[in-house]
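Residue-level structure breakdown
Each chain, written out:
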Amino acid sequence: MMPGPHLLLVVVAVCLIKTASGFANGKVSLSCGDMTPRHGHDSSSKPAPYNITLDKHTFSPGDRITVTLRVVPTSGSIHFKGFLIEARDAGNPDGPAVGSFSLLNPSESQLLHCDHTQGSAVSHTSKSKKTEIQAVWEAPKTPPSGVQFMATVVQKYKVYWVQIPGPVVSLNGATGVPPPNPTPTTTTTAAVTATLSALTRPFSSEGCGRSKSCLRDPVGCDPGRDPLCFFLSFTPEERTVLFELSGPADGYLSFALSLDKWMGNDDVYLCVRDGDSVDINAAYVSGRAHPEFASENVLSDTAWQLADGVIQCRFRRDILLPRQIESRFSLDQSYFLFIAHGRAEDGVIYRHDRQPLISTHQTVITGLPENLAGSRSPLLIKFHGVFMLVAWMTTVTTGVIIARYFKHDWPETRLFGRRLWFQVHRALMTLTVLLTCVGFSLPFIYRGGWSRHAGSHPYLGCTVMALSFIQPIMALLRPATDSSRYNLNLPTVIFVAIFLGIQQQALLLPGPWSTGVLAGCVVWGVLVDLLLEFHSKVVIVTGWFLLIYSGKSF
């Protein structure tokens, strides 16, 4: 059965859904120890415009104290987006958190599991602007003689204060309570950006393949002339390699060195726009997680340029690094190259907008200069899309039309001893199942398993695959070709899966008109079905009139 108008509404609604992801959800248990955000920048050296207040100054085991983190009243329109509050032994402020918290603002705060204790810290739930937050701290059964409250506060990604000291509360009856710790005792993450300078001239493709290796998209483009050119070059020198990266991007531009064609466990280098400047950072991606900025400065001679929406950055990196610097790859080895770009806000990067450009083969960074080729759309995924579209937009719809409307037009025409319409219908449906099986297996071959980042499309695809096997089994159990039959109503699931499929980055289909073209095909199929249905009704009515007119009856 062809899809009806209700399906089009479902498809349109699904296609309008957009996924969003961010990294400001406050699940920062990794920072419980030193309370330092993994932002790749130093804590601000300016006085913190925030303070911590308590409703009690002494306590007994099990007592509850209300803790308030707020903007200093004289700070004007200052706010904060992120925070982490802990209570520490005042005599050992570098030790683990003590006691546990409960929430007063559950929409803006959440409990964290630190040092094997649930609720031993409080953090934000979103990056919404805040001026005050409260929580209730409960003293443990065996508390220290003095407890000091501390807070790390993030005003924006690059501006934050680590371990802002708060008041010390004393255990009733205790003596020798340590004084408040006026300054944080832990050290902050070292800066990962070197001194930056402005590029004196834009990059050029001159020398690609002769004096330097280049990866470009489109193939053969020149970043000095084409503002839409994505460009990566690297030039080996004595002990270093000079990298140049250029491309149109609103927030950030990056490239990665990878041992395979999958994002994850890669050596990454980012050029992140922050207002009218660009930060150049080294990072490491573990799995499909957010990049972790390097704590050591491994880049030198950094320079950048912003012009007409194009980010360009240049830097040098040593070919070999000390062993104690983890997550940095040696540049005398062979790697796949990735180029990705996406949105950034206040220095925070988000998931790339398009499928990354991936080199077709591995190359040795310090090897001979060459012009590298790359692709944003894997060939196996393209064939997956082709097989599925041919199967469910062509062969299956044609087979349904043959069975529904040509059964009575070819009543006695036979092929290999069976009625022609049935033979054509069966051949088309068998071809549909075969194309579906091949197309279904290709993403698993490409991914080497299940994709957790393709949304609901894989689940719908598995449903379609299962129903594709059930349908022919039901056909084998039917008694005769002219008997009453029950068909699985597949179009709704199929077309929703197709519409979700064309949104996948790996297909690299031009949007949004690709969605419109597919919608047009669906509408065309509905119209054809309606016209044939109308035609069949007219033929039946006309036959009745002819029979009545000639004085005959059935």
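So, here's what we can say about the structure. Quantities reported herein were computed from a predicted structural model and do not represent experimental measurements. (Residues numbered from 1 in each chain as written. Predicted model: local features only at pLDDT ≥ 70, side-chain atom pairs only at ≥ 80, totals over all residues. Heavy atoms only, no water.)

**Details of the pattern of salt bridges**
Taken as a whole and judged by the stated rule, the model has 12 salt bridges. Two residues, Glu138 and Arg64, come together in a salt bridge whose shortest N-O distance is 3.6 Å. A residue pair is termed long-range when its members are at least 10 positions apart, and Glu138 in strand S8 (residues 132–138) and Arg64 in strand S3 (residues 64–71) qualify at 74 residues. Note on Arg64: relative accessible area 43%, which makes it partly exposed. Note that Asp222 and Arg225 form a salt bridge whose closest N and O atoms lie 3.9 Å from each other. Taking relative accessible area as the criterion, Arg225 reaches 74% and is therefore assigned exposed. (Salt bridge = Lys/Arg side-chain N within 4 Å of Asp/Glu carboxyl O. Helix = DSSP H or I, 4+ residues; strand = E, 2+ residues; numbered from the N terminus. Buried < 20%, exposed > 50% of the residue type's maximum accessible area, 1.4 Å probe, protein only.)

**Considering empty space enclosed by the protein**
Scanning the model with the defined rule gives one cavity of 30 Å³ or more in all. Empty space within the largest cavity amounts to approximately 40 Å³. As for the largest cavity, its lining consists of His41, Tyr157, Lys158, Val272, Asp279, Asn281, Phe293 and Gly347. Here the lining of the largest cavity is composed, by residue class, of three nonpolar, three polar and two charged. (1 Å grid on protein atoms, 1.4 Å probe; cavity = no way out; pocket = protein on both sides within 12 Å on 5 of 7 lines; lining within 4 Å. Points joined across faces, edges and corners; volume = space filled by probe spheres on them. Nonpolar A, V, L, I, M, F, W, Y, C, P; charged D, E, K, R; others polar.)

**A look at helix H4 (residues 457–476)**
Between the first and last C-alpha of H4 there are 29 Å, a value that for 20 residues agrees with the 28 Å anticipated at 1.5 Å per step. His457, Pro458, Val464, Met465, Ser468 and Gln471 are the residues of H4 that are buried. What you see down the axis of H4 is that its buried residues fit within an arc of 135 degrees, all on one side. (Expected span 1.5 Å × (residues − 1). Arc of directions from axis to C-beta.)

**Considering unusual backbone geometry**
The linkage connecting Asp217 with the following residue, Pro218, adopts the cis geometry, with an omega of 5 degrees. Of note, Pro218 is situated in the loop between strand S12 (213–217) and strand S13 (230–236).

**With respect to the state of the cysteines**
Tallied over the entire structure, the rule returns four disulfides. Cys32 shares a disulfide with Cys114; S-S distance 1.8 Å. Taking the torsion about the S-S bond as the criterion, the Cys32 to Cys114 disulfide, at about -45 degrees, is left-handed. Of this pair, Cys32 sits in the loop between helix H1 (5–16) and strand S1 (50–54) while Cys114 sits in strand S6 (residues 109–114), and the two are 82 residues apart along the sequence. (Disulfide = S-S within 2.5 Å.)

**Digging into the pairing of strand S10 (residues 159–171)**
Pairing geometry for strand S2 (residues 58–59) and S10, over two bridges, is parallel. Of the residues in S10, the one forming a bridge with Thr58 is Ser170. Here strand S9 (residues 146–156) pairs with S10 via eight bridges, running antiparallel. Residue pairing for S10: Met150 is matched across the bridge by Pro165. What sits between S9 and S10 in their antiparallel hairpin is a turn of two residues. (Pairing = 2+ DSSP bridges.)

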